[in-house]
Amino acid sequence: MWENYAAVLPANGWNWIAVWRRNYLAWKKAALVSILGNLADPMIYLFGLGTGLGFMVGRVEGMSYIAFLATGMVAASAMTASTFEIIYAAFARMRDQRSWEAILYTKMTLGDIVLGEVVWAATKALLAGTAIAVVAAILGYAVWSSILHIVPVIALTGIAFASLAMVVAALAPSYDYFIFYQTLILTPMLFLSGAVYPVTQLPGNVQQMATFLPLAHSIDLIRPAMFGRPAADVIFHLGILFIFGVLPFFVSTALLRRRLMS
Amino acid sequence: MTAIAISLIDVTKTYLDRTVVDRFSFAVKKGECFGLLGPNGAGKSTIARMAVGMTPPDAGKITVLGAPVPAQARLARASIGVVPQFDDLDQAFTVRENLLVFGRYFNMSTRQIEAVIPSLLEFARLESKADARVAGLSGGMKRRLMLARALINDPQLLILDEPTTGLDPHARHLIWERLRSLLARGKTILLTTHFMEEAERLCDRLCVLEEGQKIAEGRPQGLIDEQIGCQVIEINGGNPQELRALIKTCAQRIEVSGETLFCYSSAPEQVRVQLRERTDLRLLQRPPNLEDVFLRLTGREMKD
Ligand SMILES: Nc1ncnc2c1ncn2[C@@H]1O[C@H](COP(=O)(O)OP(=O)(O)OP(=O)(O)O)[C@@H](O)[C@H]1O
Ligand SMILES: [Mg+2]
C-alpha cells in the first residue's frame with residue numbers, strides 16, 4: 001500500500017517542468033485575453049470599491065482606503081487566480097480531457113503532474129498579484145521597492161491555494177461542487193482575513209479564526225511591505241503558508257491516486 | 001535480459017465485489033504480437049492498465065521489461081508506448097505540438113523531439129497535417145497520431161488498447177499495415193481487440209477472455225484448427241430447431257446464436273444437399289475463424 005503511494009510521488013525535482021511547460025504553451029496562445037481577463041476583475045473591484053467606499057471610510061491604518069484595499073487585492077487575486085486555474089482548468093484536463101491519463105503513461109508520475117499543475121497555478125497567481133501591486137505602485141499607493149519583497153509571498157500564496165484547490169478538485173464529482181468551495185470557504189476567508197477591511201472590526205473570537213486562514217498570513221506579509229513598514233512574525237507567516245502548500249499537496253496526490261489509478 | 005517482455009502471474013483485480021480479472025496469467029515474448037481478445041467488459045483494458053502500472057492488481061505478480069509493476073512501473077514505462085482505448089490528444093494543440101509536448105514527458109529535449117517528429121509524421125502519414133489542430137482530424141488520423149505519439153520515446157514495447165475500434169475499413173487497414181511495419185522492426189506488441197479479423201491478421205499468439213477469465217490461448221490458426229477444424233455454414237431464415245433435425249446427420253456440431261444457425265461440418269456439400277429444397281434460407285459457407293472458437297467455447301457470439 002505504502003509502496004504504491006511512494007510510486008506516485010514526484011519522481012524527481014524537475015519532471016514537473018514538462019507539465020508546467022505544456023500549460024505555458026497553451027496559455028501563450030491566448031495570453032493577451034487571459035491577462036486582460038485576469039486583471040480586469042480585481043481592478044474593477046479596486047477602483048469601484050476603493051474610490052466609492054473610500055469617500056465614506058476615509059483613512060484606514062493610516063493609509064487611504066484604496067491603498068489599503070489594494071494590498072488586500074494583491075493577496076486575494078493570487079488566491080482566486082490560483083484556485084480557479086485548478087478547479088476549472090486543471091480539473092478539466094484531469095477529468096474531461098483525460099490529459100493526465102495520457103501523461104501517466106510516460107515517465108511522469110501522478111505527483112509530477114500535480115506539482116506541475118500547482119506550480120503553474122501559482123505562476124498565474126504571481127502574474128495576477130504582481131500586476132495589481134505594480135498598478136498600485138504606479139498610482140502611488142505602494143512603495144516600489146516592496147514589489148521585490150512581495151513577489152515570493154504572492155508565489156507562496158499561489159502554491160498554498162493551488163494545493164488546497166487540488167484537494168477539492170480531487171474530491172469533486174463535478175463542477176457543481178466548486179461553488180460550495182467558493183461561497184463557503186473562499187468568500188468568507190476574504191472577509192475574515194482582512195482583505196477588504198481590518199480584522200480589528202470583527203468580534204474577538206472571529207478574529208482568532210484568522211490564524212487558521214492562509215489568506216490572513218499572506219496579507220499580514222504583503223500589507224506592511226506595500227506600505228513600506230516592517231512586517232512582524234515573517235517566519236511564522238511564511239511557515240504557515242508553506243504548510244498550506246505542502247500538506248494538501250500530499251493529501252491531494254493520495255486522493256487523486258484513488259480516483260484515477262484504482 | 002530475458003526473452004519475456006510482459007508476464008502476468010495469477011493476477012486478480014476486483015472492483016467492489018466484482019472480480020473483473022480472475023487469476024489471469026500470460027507471457028508475451030519479445031518481438032511478438034500478443035492479443036487479448038474478448039467482448040465488452042471482459043477485462044481487456046483492465047489488464048492493459050495493470051501492465052503499465054496505471055492500476056494495481058489485488059493479487060498476483062506483474063513484470064514488464066524486467067521491472068516489477070506497479071512498484072517500478074516508471075522504469076518500465078520509459079521503454080513502453082501506450083495507445084489507450086479512448087483518444088486523449090491535447091485539443092489545445094496542433095499535431096506537431098502534441099508530439100512536442102508529449103516528448104517532454106519522457107524528459108526529451110526540444111531538439112531531440114524535433115529531430116524525431118518528421119519520421120513520426122511520416123510513419124503516421126500525417127505530414128500534411130503537421131500544423132493542423134487536432135480537433136479537426138478524422139477518427140483515423142487521430143488514431144494514427146495516437147500511435148505516432150506512443151512511439152516518441154522509441155519504445156521496445158507497445159500496449160495498444162483497441163487501436164482500430166470505430167474506424168472505417170480503409171483507416172483500419174492503414175493502421176494494421178503500420179503495426180506490421182513496427183513488428184518487422186522488432187517491436188513487441190500487446191494488443192486488445194474485439195475484432196476477430198484484427199487478431200487473426202496481426203497476432204502471433206492470443207488469449208481469448210470472457211468475464212476476466214482466460215478461456216483459450218494459442219496461435220490463431222492453431223486455436224481454429226483445434227477447436228473447429230472443419231467448414232462452417234451459416235444458415236439464416238427458417239426455424240432453427242426444425243433445421244437442426246434436418247441436417248443433424250451431416251454436421252459435427254450445430255450452434256444457434258440469435259437468428260443464425262452455425263453448422264460445423266466436414267461435408268458441407270451434404271448439408272447443402274439436405275437443404276436443397278429450402279429456397280427460403282440464406283446459406284453462407286466459409287472457413288472457420290476465431291469467432292467460431294469463441295462461440296464454441298462460450299455458446300454465444302462475441303459480436304455485441
Ligand atoms: N474503475 C472501475 N471501477 C469499477 N468497475 C470498473 C472500473 N474499470 C472497469 N470496471 C469494470 O470492469 C469490467 C472490465 O472492464 P474493462 O474496461 O477492462 O473491459 P474491456 O474488456 O476493456 O471492455 P471494452 O471492450 O468495453 O473496452 C467492466 O465490467 C467494467 O465495468
Ligand atoms: Mg476496454
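Attention in this report is confined to the structure presented alongside it. All values derive from a computational prediction rather than experimental measurement.

What counts and how
Residues numbered from 1 in each chain as written. Chains lettered and ligands numbered in written order. Predicted model: local features only at pLDDT ≥ 70, side-chain atom pairs only at ≥ 80, totals over all residues. Heavy atoms only, no water. Helix = DSSP H or I, 4+ residues; strand = E, 2+ residues; numbered from the N terminus. Buried < 20%, exposed > 50% of the residue type's maximum accessible area, 1.4 Å probe, protein only. Contact = heavy atoms within 4.5 Å. Areas by Shrake-Rupley, 256 points an atom, 1.4 Å probe, with all protein chains shown as cover. Donors = N, O, S within 2.8 Å, 3.2 Å for Na, K, Ca; no water. Buried area = accessible area lost by both parts, 1.4 Å probe. Salt bridge = Lys/Arg side-chain N within 4 Å of Asp/Glu carboxyl O. Polar contact = N/O pair within 3.5 Å; in protein donor to acceptor, adjacent residues only side chain to side chain. Nonpolar A, V, L, I, M, F, W, Y, C, P; charged D, E, K, R; others polar. Pairing = 2+ DSSP bridges. Axes fitted to C-alpha atoms, helices over the stretch in contact; angles between N-to-C directions. Near = heavy atom within 4 Å. Core = buried A, V, L, I, M, F, W, Y, C linked by side-chain atoms within 4.5 Å.

Per the secondary structure count, chain B includes 11 helices and 14 strands. Taking all 304 residues of chain B together, the buried fraction comes to 57%. Across chain B, every contact between residues at least 6 apart in sequence was considered, and the portion connecting residues at least 24 apart equals 67%. Only carbon and sulfur atoms are counted for the fraction: they give 48% of the accessible area of chain B, which is about 13,100 Å².

Geometrically, a metal with four donors at the corners of a regular tetrahedron has ideal angles of 109.5 degrees, and one with six donors at the corners of a regular octahedron has ideal angles of 90 or 180 degrees. Surrounding the magnesium ion (ligand 2) are the protein donor atoms Ser-45 of chain B (OG) and Gln-85 of chain B (OE1), at 1.9 to 2.1 Å. Of the two residues, Ser-45 of chain B sits in helix α1 (residues 44-51) while Gln-85 of chain B sits in the loop between β6 (80-83) and α3 (95-104), which places them 40 residues apart along the sequence.

A few words now on the interface of chain A and chain B. Residue-level contacts link 29 residues of chain A with 31 residues of chain B. In this assembly, chain A packs against chain B so that about 2,800 Å² is buried in total across both faces, 58% of it on carbon and sulfur atoms. Of all residues in chain A, Arg-22, Tyr-105 and Lys-107 of chain A give up the largest surface area on contact with chain B, accounting jointly for 27% of the area buried on that side. In this structure, the connection of chain A to chain B is made through three salt bridges. Residue Arg-22 of chain A pairs with Asp-90 of chain B through a salt bridge whose shortest N-O separation is 2.6 Å. Remark: the boundary between chain A and chain B carries 12 residue pairs in polar contact (both at pLDDT 80 or more). At the level of elements, α1 (2-8), α2 (16-29), α5 (99-104) and α11 (234-260) of chain A are the ones that each hand at least two residues to the side of chain A that touches chain B. No other element matches α2 of chain A, which puts seven residues into the side of chain A that touches chain B. Across the side of chain A that touches chain B, the residue classes tally to 14 nonpolar, seven polar and eight charged.

In this section: the sheet that holds strand β7 (residues 157-161) of chain B. Hydrogen bonding along the main chain pairs the strands of a sheet, whether they run parallel or antiparallel. Residue and element names in this part refer to chain B. Reading across the sheet, the six strands line up as β6-β7-β8-β3-β9-β10 and stay open at both edges, with mixed pairing between neighbours. Looking at which strands have only one partner, the edges of the open sheet turn out to be β6 and β10 (213-218). On average, each strand axis in the sheet is tilted by 15 degrees relative to the strand beside it, whichever way the strands run. Relative to strand β8 (residues 188-193), strand β3 (residues 33-37) runs parallel, the two sharing five bridges. When the bridges of β8 are listed, Phe-34 appears paired with Leu-190. Across the sheet, helix α5 (residues 139-150) lies against β6 and β7, angled at about 165 degrees from β6, the strand it touches most.

What follows concerns the site of ligand 1. Residues and elements named next belong to chain B. Taken together, 13 residues are adjacent to ligand 1, and Gly-41, Lys-44, Ser-45, Thr-46 and Gln-85 come closest. A distance of 2.8 Å separates an oxygen atom of ligand 1 from a polar atom in the backbone of Gly-41. At a separation of 3.0 Å, an oxygen atom of ligand 1 approaches a polar side-chain atom of Glu-162. Across the complex, the protein chains shield 66% of the 630 Å² of accessible surface that ligand 1 would expose by itself.

Take the nonpolar core next. Counting 171 residues, the largest nonpolar core has Trp-100 of chain A together with Ile-6 and Phe-26 of chain B as its most contacted members. If near-sequence neighbours (up to four positions away) are discounted, Trp-100 of chain A is found in contact with Ala-90, Arg-93, Met-94, Leu-110, Ile-113, Val-114, Glu-117, Met-166, Leu-256 and Leu-260 of chain A. Counting 12 residues, the second-largest nonpolar core is a separate cluster that includes Ala-251, Leu-261, Val-271 and Leu-275 of chain B.

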